[in-house]
Every structure is written in structure tokens, then in C-alpha cells.
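# Descriptive analysis of the structure
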Amino acid sequence: MEDVLILVDAIGRISEILPRDHPRFAEIKAQAERQGNLTELQEGQFLLPGLVDLHIHAPQWPQLGKALDAPLEVWLQRYTFPLESRYADLSFAREVYSALVETLLANGTTTAVYFATIHLEASLALAEICLAKGQRAFVGKVAMDDARQCPDFYRDASASTAVNETRAFIQSVRDRAGEEDPLVHPIITPRFIPSCTDALLEGLGKLAEETGCLVQTHCSASDWESNFVQERFGATDTAVLSQFGLLRENTILAHSNFVTDEDLALIRQKGAAIAHCPLSNFYFANAVFPLRAALDKCVRVGLGSDISAGHSPSVLDGCRHALLASRARHSGIDPHLPPEERGLAGSTISVAEAFWLATVGGGEALGLPIGKFAPGFKFDALVMDLNAHGSNINWLPDLDTIEDVFQKLVLNATRSNIVMTWVNGAVVARSSAAQMRDDQAKQ
């Protein structure tokens with residue numbers, strides 16, 4: 001859209017989008033300018049919908065970029081669980097979570113879906129920080145009680161303790177965020193099936209039914225994890241989650257690399273969604289998620305950074321990794337095979353589809369009106385500046401069409417190009433250059 005006015009109402013929703021030839025265009029623009037409510041893009045600036053990250057391990061932020069040479073089960077036991085156990089220290093939790101939320105907003109993540117830890121107070125602190133900093137979020141207190149897979153120093157005391165604390169967490173978040181169109185939501189979070197006893201899975205399924213709360217967990221994430229579930233239950237992760245009442249409308253299933261066609265059909269039937277985490281899948285899954293197949297079967301899919309198994313906090317990087325993963329699946333990897341045997345033809349996605357996953361795809365996964373500019377949708381937006389200091393984008397107006405600019409933004413933009421982030425119609429992050437310009441204008 002070019003030369004349009006996007007009108008945002010008092011609760012942060014887009015009420016109208018007016019083209020330049022609308023009879024009241026000039027009048028409404030002049031009125032907004034008089035009232036100090038007009039934001040105009042400058043030459044070289046473009047507006048994009050806010051980015052949705054469906055899978056983040058908030059406590060793993062200090063671990064970003066570390067220890068990714070270990071197998072998943074070793075990575076969890078040697079590095080991740082010891083780090084997450086530190087969040088019993090509330091001051092440590094607040095320090096880490098504040099830095100994380102600020103960084104994600106600066107990178108354009110306007111909606112985040114978080115795993116926290118087993119600690120009730122620290123998990124509430126994450127929800128409070130998201131509220132204070134203006135990020136739309138789903139925050140989950142992690143539930144994990146199986147002594148055979150969870151270390152003594154980091155697990156819930158029992159299934160009943162985990163369920164009761166999750167119930168208390170849900171109510172506490174709702175009390176803080178309010179019942180009317182809240183910015184921050186609680187989400188029920190069994191870590192994954194291997195970490196949970198049958199009693200815990202059953203209790204959380206009943207709690208989801210009782211509270212109407214969304215659910216998130218890992219699903220068919222690796223060979224080890226998928227095999228573990230098959231040996232324990234004789235069924236896939238998807239089928240087991242469904243049996244326990246945890247596969248529901250808008251349940252977020254992280255990874256899902258080893259889903260079968262029957263699993264995809266069940267996920268679609270239940271209205272659940274998949275958080276595709278292409279970067280961390282390269283490290284821990286030993287496989288490439290069948291994204292094209294899922295999309296063709298009309299399964300809801302969005303993107304997840306999977307901090308810290310994914311070493312980038314940028315959802316735009318997630319778009320790039322999703323494109324690469326789809327091409328790897330399409331083309332194959334073994335040069336000793338003939339081309340026709342090397343990959344799975346028809347597996348690629350386009351740049352537009354990758355960006356759709358990062359925006360409206362994530363919104364549909366969560367059942368929220370976010371991710372695109374249309375009346376009734378929340379005004380979550382990024383001001384992207386091609387001329388920003390440190391930009392990696394080479395922009396030549398006489399050579400680049402608007403479609404070219406879009407592809408360059410998706411494939412080349414970095415944090416330096418994001419000069420302003422809006423959530424729910426409010427500015428929640430500004431680059432230092434943008435802040436300096438604002439300060440100079442006030443003087």
C-alpha cells in the first residue's frame with residue numbers, strides 16, 4: 001500500500017485504511033497533524049507488520065550461541081537445566097528477562113510465546129516485564145515432574161504440585177493483565193512428554209479444559225525424543241497429546257519434525273498449530289520439517305526462534321532459515337546421488353510465504369487478529385529504514401520495484417533497519433538514531 005492513512009483507535013486496533021483519493025483523506029490527515037497524532041514515513045522508510053515468535057525459551061537467553069555442539073539430551077542435562085535452575089533467584093530472573101524483552105522488541109518481535117521455568121515467582125516476573133515494556137506475550141510456567149528424565153535439582157515436586165502452581169500462575173497473570181483484551185496471556189506449558197508423568201499430562205489436559213487457556217509444548221522434536229515417546233506409549237507425540245486433552249484449538253507444537261500425514265491431519269482437525277524452528281532443527285532434529293506439506297494440508301504454521309537452541313533473536317532470520325530449510329528439503333544434500341533422487345521435489349516456499357509465517361501465520365496460530373494491516377487487526381508495526389546507519393541493504397530507487405524492496409527487507413534487514421516498533425498502537429521501542437531525531441525535534 002502506498003500513500004494511505006492507517007487510522008488506529010484508542011485500543012490499538014486499525015479502524016480504517018484510507019487511500020489518497022478518499023474524500024476525507026486531507027481533512028483527517030490535517031486533523032491528526034494538529035493533534036500531534038500523525039506519524040509519517042520518511043524517504044526510504046517502509047512499514048511492516050510486527051513479527052510473531054511462537055517459541056522462545058526465555059531463561060536460556062544467557063546461553064545464546066553456546067554449547068550447540070552437544071546432542072539434545074546432553075545439551076539439556078549438562079547446560080540447560082543447570083542454567084534454568086538459577087531462576088529461583090528472582091533478581092537474576094528480572095535482570096535476564098528485562099534484557100531479553102528489550103532486545104526482542106528492538107528486533108521487531110511484537111508478539112512472543114515464552115517458556116519460562118518451573119519457578120512460579122520468576123515466571124510471573126516475566127509476565128510483568130512484558131506488560132511493563134508493552135510486548136504482547138504468552139508466558140508459560142514450565143511443568144516437568146518425571147524423576148527419570150528431570151534432574152533432582154530442577155523439577156516439580158509432584159504432578160499435583162505442578163498442576164496447582166500452573167493454576168495459580170494462570171490466575172495471577174490474568175489478575176495482572178486484566179480480563180478485557182489482555183496484552184499478556186498465561187499458557188499451559190508441559191515441557192515435553194519425556195519430562196512429564198502421565199499424571200501431570202492428564203492434570204494439565206483437564207486444566208486446559210477448565211480454564212480455556214492455550215497450551216504449548218515440544219512435539220516430535222528429535223530422533224531421541226520421538227523414539228522415547230514411541231517406546232513409552234506406542235504412539236506419536238501428536239496422538240499422545242491428543243489422548244491427554246493437550247492437543248486443542250491453538251495449541252502450539254514446537255518443531256514437529258517427525259510428524260506423519262496422520263499427525264498433520266489430527267493437528268488440523270484439532271485446530272492446533274506448529275511453531276516451525278528451522279535453525280534449531282538443523283542443530284538438534286537431524287531432519288527438516290515438512291513445511292510445504294503442512295501448508296498444503298492447511299495446517300496452521302508460524303515461526304519460532306527457539307532461543308537458545310536457535311542462536312538468533314531475529315524472526316527475520318527465521319524467515320531466511322525457513323527458506324534455506326525448504327530448499328535443502330527440495331534439492332537434497334548428497335551430491336553423489338542423481339538430482340532426481342537427491343531431494344523431495346515441490347518442498348520450497350517463497351519469500352512472501354516465509355514472511356507470512358512470521359506475521360499473520362503466527363497470528364492465526366494464536367487465534368489473534370495480528371500480523372497484517374487490515375481493519376479490525378491490532379496495529380503492531382515496524383518502521384524499517386533502508387537508509388539507517390549500518391544498513392546492509394543497498395537500495396536504488398530507479399532500479400528497485402516495491403516488490404524488490406520487500407524481498408530485500410525480508411532477506412537483508414537487520415536490527416539497525418528497525419527504527420521504531422509499535423504494539424497495540426503504542427511505540428514500545430525506538431532506535432538510538434530515531435530517539436536522537438525525536439529529541440532534536442522537541443528542542
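## Quick notes on the packing of aromatic side chains
Applying the stated criterion to the full structure yields 11 aromatic pairs. Note on F233 and F244: the rings are 6.0 Å apart at their centroids and 75° apart in plane angle, and the pair reads as edge-to-face. In this pair, F233 sits in helix 7 (residues 223-233) while F244 sits in the loop between helix 8 (237-243) and strand 10 (252-255), placing the two residues 11 residues apart along the sequence. The class of F244 is buried, set by a relative accessible area of 16%. The ring of F92 carries the charged tip of R86 above its face, separated from the ring centre by 4.1 Å.

## A word on the nonpolar core
Membership of the largest hydrophobic core comes to 61 residues, with the highest contact counts inside it found for I188, L200, L204, V301, I349, M384 and L409. What I349 contacts, discounting residues up to four positions off in sequence, is L291, R292, L295, A322, L323, S326, A354 and L357. Core analysis: the next-biggest nonpolar cluster, separate from the first, contains 32 residues, V101, L124, L126 and C130 among them.

## Digging into the sheet that holds strand 15 (residues 426-430)
Read across the sheet, 4 strands follow the order 3-13-14-15 without closing on themselves; strand pairing throughout is antiparallel. The open sheet has two free edges, formed respectively by strand 3 (45-49) and strand 15, since each of these has just one partner strand. When the angles between neighbouring strand axes are averaged without regard to direction, this sheet yields 25°. As paired elements, strand 3 and strand 13 (residues 381-385) share 5 bridges and run antiparallel to each other. By the bridge assignment, P49 is partnered in strand 13 with A381.

## Considerations on the side chain of N250
Residue placement: N250 occurs in the loop between helix 8 and strand 10. Of note is the side chain of N250, whose polar atom sits 2.8 Å from the backbone oxygen of A365. If sequence neighbours within four positions are ignored, N250 has contacts with L214, V215, G271, A272, R300, E364, A365, L366 and G367.

## Overview of unusual backbone geometry
With the exception of glycine, the majority of residues adopt a negative phi angle, and the majority of peptide bonds are in the trans configuration. A cis amide bond, omega 5°, links I307 with the succeeding residue S308. One non-glycine residue, N250, lies in the positive phi region at around 70°. Its relative accessible area of 10% is what places N250 among the buried residues. Even without glycine at this site, H255 takes up a positive phi of about 85°. With respect to the helices and strands, the residue H255 is situated in strand 10. For H255, a relative accessible area of 5% puts it in the buried group.

## Here's the deal with the pattern of salt bridges
A full pass over the atoms with the stated rule returns 22 salt bridges. Across the pair D181 and K378 runs a salt bridge, and its minimum N-O distance is 2.5 Å. Of the two residues, D181 sits in the loop between helix 5 (159-177) and strand 8 (184-190) while K378 sits in the loop between helix 14 (351-366) and strand 13, which places them 197 residues apart along the sequence. Taking the relative accessible area as the measure of exposure, D181 reaches 37% and is therefore partly exposed. Put simply, R320 and D317 hold a salt bridge, and the shortest N to O gap is 2.7 Å. In this pair, R320 and D317 are both assigned in helix 12 (residues 315-331), 3 residues apart and thus about one turn of the helix distant. R320 gets classed as buried once you look at its relative accessible area, which sits at 15%. Residue D317 is classed as partly exposed on the basis of its relative accessible area of 22%. Among the charged side chains, a salt-bridge network with shared partners connects R94, E128 and R176.

## Brief notes about helix 12
A rise of 1.5 Å per residue sets the reference length of helix 12, with its 17 residues, at 24 Å; its end C-alpha atoms lie 24 Å apart and thus fit the reference within 8%. Two to three positions downstream of the cap, the backbone nitrogen of L316 sits 3.2 Å from a side-chain oxygen, assigning the N-cap of helix 12 to S314. A positive backbone phi angle near 85° is found at G332, which sits one or two residues after helix 12.

## Examining the packing of helix 5 against helix 6 (residues 198-211)
Between helix 5 and helix 6, whose axes approach to 9 Å, the crossing angle comes to 25°. As far as their axial angle goes, helix 6 and helix 5 are roughly parallel. Helix-helix and strand crossings are classified by hand; for helix 5 and helix 6 the assignment is right-handed. Residues A159, A162, V163, T166, R167, I170 and R174 of helix 5 pack against A199, L200, G203, L204, L207, E210 and T211 of helix 6. Class assignment of the residues belonging to the contact of helix 5 with helix 6 gives a composition of 8 nonpolar, 3 polar and 3 charged.

## Details of the state of the cysteines
Each disulfide consists of one covalent bond between the sulfur atoms belonging to two cysteines. With the rule as written, the count across this model stands at 0 disulfides. In this structure C298 is not part of a disulfide, and its nearest cysteine sulfur, from C219, lies 19 Å away. On the basis of relative accessibility, which here comes to 51%, the residue C298 falls in the exposed class. No disulfide involves C319; its sulfur sits 13 Å from the nearest other cysteine sulfur, which is in C277.

## As for the packing of helix 14 against helix 15 (residues 402-412)
Running from N to C, helix 14 and helix 15 point in directions that differ by 60°, and their axes come no closer than 10 Å. Overall, the two elements helix 14 and helix 15 adopt an arrangement that is oblique. Of the two possible hands of crossing, helix 14 and helix 15 adopt the one that is left-handed. Residue-level contacts link V351, A352 and F355 of helix 14 to F406, Q407, V410 and L411 of helix 15. Of the residues belonging to the contact of helix 14 with helix 15, the class tally is 6 nonpolar, 1 polar and no charged.

Analysis parameters
Residues numbered from 1 in each chain as written. Predicted model: local features only at pLDDT ≥ 70, side-chain atom pairs only at ≥ 80, totals over all residues. Heavy atoms only, no water. Phe/Tyr/Trp six-rings, centres within 6.5 Å; stacked < 30°, edge-to-face > 60°. Helix = DSSP H or I, 4+ residues; strand = E, 2+ residues; numbered from the N terminus. Buried < 20%, exposed > 50% of the residue type's maximum accessible area, 1.4 Å probe, protein only. Lys NZ or Arg CZ within 6 Å of the ring centre and 35° of its normal. Core = buried A, V, L, I, M, F, W, Y, C linked by side-chain atoms within 4.5 Å. Contact = heavy atoms within 4.5 Å. Pairing = 2+ DSSP bridges. Axes fitted to C-alpha atoms, helices over the stretch in contact; angles between N-to-C directions. Polar contact = N/O pair within 3.5 Å; in protein donor to acceptor, adjacent residues only side chain to side chain. Salt bridge = Lys/Arg side-chain N within 4 Å of Asp/Glu carboxyl O. Expected span 1.5 Å × (residues − 1). Parallel < 35°, antiparallel > 145°, perpendicular 65-115°, else oblique. Left-handed = near helix turned anticlockwise from the far one by under 90°. Nonpolar A, V, L, I, M, F, W, Y, C, P; charged D, E, K, R; others polar. Disulfide = S-S within 2.5 Å.

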